[in-house]
Amino acid sequence: MPKRFDLIIGLNLVLTLIALIYAVFNFLGADASQQMPALIVAVLLFMVAAMTAGQWAYLKVFLIRPLRALERGGDIILSTHAAHDIEIGPTHELGSLPANLQTLGHKLAESKREVARALKTGAQQVTQQKDYLEQVIHGLDEGVLVCDSQGRILLYNPSAVRILKCPEHVGLGRSAYELIPRASVEHTLELIESRRADDSNAPTTSDFVCTVLRKEHMLHCRVGLMSGSRDGGGFVMTFSDVTSRQGALRKRNELLRQTIENLRSPLASLRAAAENLTHYDDIETDMRHAFQQVIVDESGQISAQIDALAEESRKLLGGEFVTMDIRSPDLIKQVRKRVATDAQLELTQTGLPLWLRVDSQAMVRLLEFYIRRIHETTGAGAFDLEADHRDHKVFLDLAWEGEPLSHTQLKSWEEETLPDVVGFPQVSAVLRQHASVVWSQRHPRVEGRAILRIPIPGAGRQWEVSSEIIPARPISYDFDLAEMAGDDAQIRLRPLRELNFVVFDTETTGLNPDQGDEVISIGAVRVVNQRILSDETFDQLVNPGRPIPKQSIKFHGITDEMVKDAPSLDTVLPQFRDFVSDSVLVAHNAWFDMKFLKRREAQTGIRLRNPVLDTLILSVGIHGHEVEQSLDAIAGRLGIEIFDRHSALADSLATAEVLLRLIDLAETKGIRTLQDAMNAYK
Amino acid sequence: MDKKVLIVDDEPNILLSLAFLVQKAGFRTKTAEDGQAALDTVAQWQPDLVLLDVNMPVMDGFEVCQRLREDNSLGDLKIIILTAKGRNIEKEKGLALGADDYVTKPFSNADVVERIKHQLGAA
């Protein structure tokens, strides 16, 4: 700007000078009469030139130079040195501008210093806290794993390695699910999420017990979400080994139970005698005296009991009873490991997974004990172990081929002592610890089999997670299903109870295979001899070779990311066929699933020629068209509680449970063979 | 003819009160203080109902119950279990072993009588 200003002033001067010279020439060449006006013009022009020059000099000294100094200073303040002193003379016409700019510069410098100081202190504090946190985590006796939403380990401490006892699997980026059962962790996280969805003040952590994969020991775990949801920031898990921690805690429970029980009998006598005395006026004197004596005796008894309770109560204080939530497959797996040492014993896990609230270590020893004793007594070698549930009650059912045991037999075993159980190692004590008893009866479903039944507290959590209402698929009956099944006529004439089934379910990108929808997951479970073999499952994600529509994800929870490394249906179908082998295929609303599988037949050469039984059609045959026939509705009618409707596998487990109950009912409607069942809609 | 009720408990005090109460309700009663005596009395006296305590030494109520149910000639015999263990699973076990009803100690006299009458169709 100043240069342009110089140019304008210069141009101005030059024009004035030219005009001046022109006026002087006019003056010299003019006659006397015209010389006077020319002189005036020349003087005026000279004065204009002189004033312009003067103004220029003034502006230059008092405005333009100080402005340039200000410009330089401003640049330095802004870009390099905020505390820079602006080099400007005392004489200028800029008023307080330089001083203000100078002050701004100093303030800027000061705040920069402050920010730097704060940053430095902050960084020091963060480092300190990080060191401190690391020290704490490292020094903890409890194992700590911090994982991302996929379960990959982001941080762990030495105790984690020590407690998990498999250093080869603990490492940054490794999956925690190689160590801790995925189902236990995910169910617990889901539980936390669902509790917090209902109540934002609900705790962000929850506990459970599980087995270390491939190992024998049991962990008490606590998991917590790092932010409000799993997808947000993964989870933290702390855990300790509870394999051998019991003792005084159990004693407390035992004493309390005993005292209450001991009070009941004297109280019963007291109450009965007192009521008799009150209600009947015509009691003979002898009888009246007898009742009075009863009251005196029993009151004394009760007083003595109370004294004993007061004495013991001091010992009862403190400690928390160690029953913890564990999923039934984890518990059953422990039992199986223990009996596996004996080649004659075989234990099969049947039924659906349930959460149990038990002292797992004692319960594992107890079940092992019963299996060995029953084997010795009856010769049975093959056992099923199932967590069954009904009306919010959970039973552990140990089943075998043969007759129920006598009460006397069971009673005599209750006196025995379990190995490696601290505290109260007696069989009866472990039962009491779980507020339980044991009895033997005929198998409720299967002829010729007996069960040993131990009712145990079910963990409340399975009834807590409100299973999201998932809209059912469109229901329709495909009456051709019976015809499109395999042509083995013989199998169709066999009774349902004798058949082996594979109950399966698929998850898909949508409802229309003809419009490009594909399978993204297949889940299946084997049902043999009326038992759900929940250990023999098929659970496979399938890459559909197309994007998964966002709106479908809420039904199945499967994302593109999850299937990107999964095999395609062409690879999965042969595996599925091998799993199915010659079993009868079962699905709910089976036409839907079969439609997806059948259309790949030509492409893969895989033909599923097995007979297909639709639980929907079977249910229609039993309950009629008038009632709702969704899986949930049928389960509700049959008194089956479905806790887990999240995946193809979970749905096939639920369908398997429905199948077994339907088979029981079918006989009352004269539906006995597979043929009957496949045509039940008629 | 009055129906017959056998009361089995190892506590003489409760036997005294129960026997009195059940007689007042219009039934004939006998008592037994242990499981074996109970089985013997059932065989000889052929009661219509047994009021059976669970906690007895030597042979407890559950075993008595199981044995009585193994005897097919006693198909009409009603069994009410008396238990000092106030837990549903004890009741469940009693019912699984063949009992018809259960009463938890301490009980109200009226309740016991009502259950006996109900079982014997005399309510």
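Residues numbered from 1 in each chain as written. Chains lettered and ligands numbered in written order. Predicted model: local features only at pLDDT ≥ 70, side-chain atom pairs only at ≥ 80, totals over all residues. Heavy atoms only, no water.

Draft legend 1. Geometry of the overall build of chain A. Helix and strand counts for chain A stand at 24 helices and 17 strands. The buried share among the 682 residues of chain A stands at 47%. Partitioning the contacts of chain A with sequence separation of at least 6, the portion at a separation of at least 24 is 67%. Counting every atom, chain A has about 33600 Å² of accessible surface; 55% of that belongs to carbon and sulfur. (Helix = DSSP H or I, 4+ residues; strand = E, 2+ residues; numbered from the N terminus. Buried < 20%, exposed > 50% of the residue type's maximum accessible area, 1.4 Å probe, protein only. Contact = heavy atoms within 4.5 Å. Areas by Shrake-Rupley, 256 points an atom, 1.4 Å probe, with all protein chains shown as cover.)

Draft legend 2. Up close: the packing of aromatic side chains. Residue and element names in this part refer to chain A. Summed over all chains, the structure comprises 12 aromatic pairs over all chains. Ring geometry for Tyr 58 versus Phe 62: centroids 4.7 Å apart, planes at 35°, classification tilted. Placement of the pair is Tyr 58 and Phe 62 together in helix α2 (residues 32-79), with a separation of 4 residues, close to one helical turn. Its relative accessible area of 40% is what places Tyr 58 among the partly exposed residues. Owing to a relative accessible area of 24%, Phe 62 belongs among the partly exposed residues under this scheme. When the centroid spacing of 5.5 Å and the interplanar angle of 70° are considered together, the rings of Phe 369 and Tyr 370 count as edge-to-face. Across the pair, Tyr 370 and Phe 369 agree in class, each one buried. Ring pairing ties together the aromatic residues Phe 504, Phe 538, Phe 576 and Phe 579, which thus form one cluster. A cation over an aromatic ring shows up here: Arg 526 above the ring of Phe 579, its NZ or CZ 4.3 Å from the ring centre. (Phe/Tyr/Trp six-rings, centres within 6.5 Å; stacked < 30°, edge-to-face > 60°. Lys NZ or Arg CZ within 6 Å of the ring centre and 35° of its normal.)

Draft legend 3. Local environment of the interface of chain A and chain B. In this complex, chain A contributes 39 residues to the contact, which on the side of chain B involves 29 residues. Counting each side, the surface lost to burial between chain A and chain B is near 3000 Å², with a carbon and sulfur contribution of 57%. Among the residues of chain A in contact with chain B, Arg264(A), His407(A) and Trp439(A) are the three that bury the most area, contributing 21% of the side total. Note that Lys411(A) and Asp60(B) form a salt bridge whose closest N and O atoms lie 3.0 Å from each other. Viewed at the interface, chain B and chain A are joined by 15 residue pairs in polar contact (both at pLDDT 80 or more). (Buried area = accessible area lost by both parts, 1.4 Å probe. Salt bridge = Lys/Arg side-chain N within 4 Å of Asp/Glu carboxyl O. Polar contact = N/O pair within 3.5 Å; in protein donor to acceptor, adjacent residues only side chain to side chain.)

Draft legend 4. A look at the confidence of the model for chain B. Looking at chain B as a whole, the pLDDT averages 90, with 96% of positions reaching at least 70. Here helix α4 (residues 88-96) of chain B stands out as the element of chain B with the lowest mean pLDDT, 84, in contrast to strand β1 (residues 4-8) of chain B, whose mean of 96 is the highest. (pLDDT = per-residue confidence, 0-100.)

Draft legend 5. Geometry of the pairing of strand β9 (residues 382-390) of chain A. Residues and elements named next belong to chain A. Counting buried positions along β9 gives 7 out of 9 residues, so the element sits mostly inside the fold. Two elements, strand β7 (residues 346-350) and β9, share 5 bridges in a ladder whose sense is parallel. Within β9, the residue paired with Leu 347 across the bridge is Phe 383. Where β9 meets strand β10 (residues 393-401), 7 bridges bridge the pair, whose relative direction is antiparallel. Paired with Asp 384 across the two strands is Ala 399, which belongs to β10. Here β9 folds back onto β10, and the loop between the two strands holds 2 residues, one of which, Asp 391, carries a positive phi near 50°. (Pairing = 2+ DSSP bridges.)

Draft legend 6. Spotlight on the environment of Pro567(A). Residues and elements named next belong to chain A. Within the secondary structure layout, Pro 567 lies in the loop between α17 (560-563) and α18 (569-580). Sequence spacing of Pro 567 and Asn 589 is 22 residues, and the spatial spacing of their C-alpha atoms is 25 Å. Discounting chain neighbours no more than four positions away, the residues touching Pro 567 are Gln 540, Leu 541, Val 542, Asn 543 and Val 572.

Draft legend 7. Structural context of the sheet that holds strand β4 (residues 78-83) of chain B. All names here are of chain B. Taking strand neighbours across the sheet as the criterion, the 5 strands line up as β2-β1-β3-β4-β5 in an open arrangement whose pairing is parallel. The sheet is open, and its two borders are formed by β2 (28-32) and β5 (101-104), each paired with just one other strand. Each neighbouring strand pair of the sheet contributes to a mean axis angle of 20°, computed without reference to strand direction. Both β1 and β2 contribute to a ladder of 5 bridges, which runs parallel. Along β2, the bridge assignment pairs Leu 6 with Lys 30. Set on the sheet, helix α5 (residues 109-119) makes contact with β1, β3 (49-53), β4 and β5; between it and β5 the angle comes to about 175°. (Axes fitted to C-alpha atoms, helices over the stretch in contact; angles between N-to-C directions.)

Draft legend 8. Seen up close, the sheet that holds strand β14 (residues 519-528) of chain A. Residues and elements named next belong to chain A. Taken together, 5 strands build an open sheet; the order of strands is β15-β14-β13-β16-β17 and the sheet is mixed. The open sheet has two edge strands with one neighbour each: β15 (531-541) and β17 (612-614). Each neighbouring strand pair of the sheet contributes to a mean axis angle of 25°, computed without reference to strand direction. One ladder, built from 8 bridges, connects strand β13 (residues 501-508) with β14; its direction is antiparallel. Within the sheet, the bridge partner assigned to Asp 505 lies in β14 and is Gly 523. Packing of helix α19 (residues 590-598) onto the sheet brings it into contact with β13, β14, β16 (584-587) and β17, and relative to β13 it is tilted by some 75°. Sitting on the sheet, helix α23 (residues 648-668) touches β13, β14, β15, β16 and β17, and the angle it makes with β13 is about 140°.

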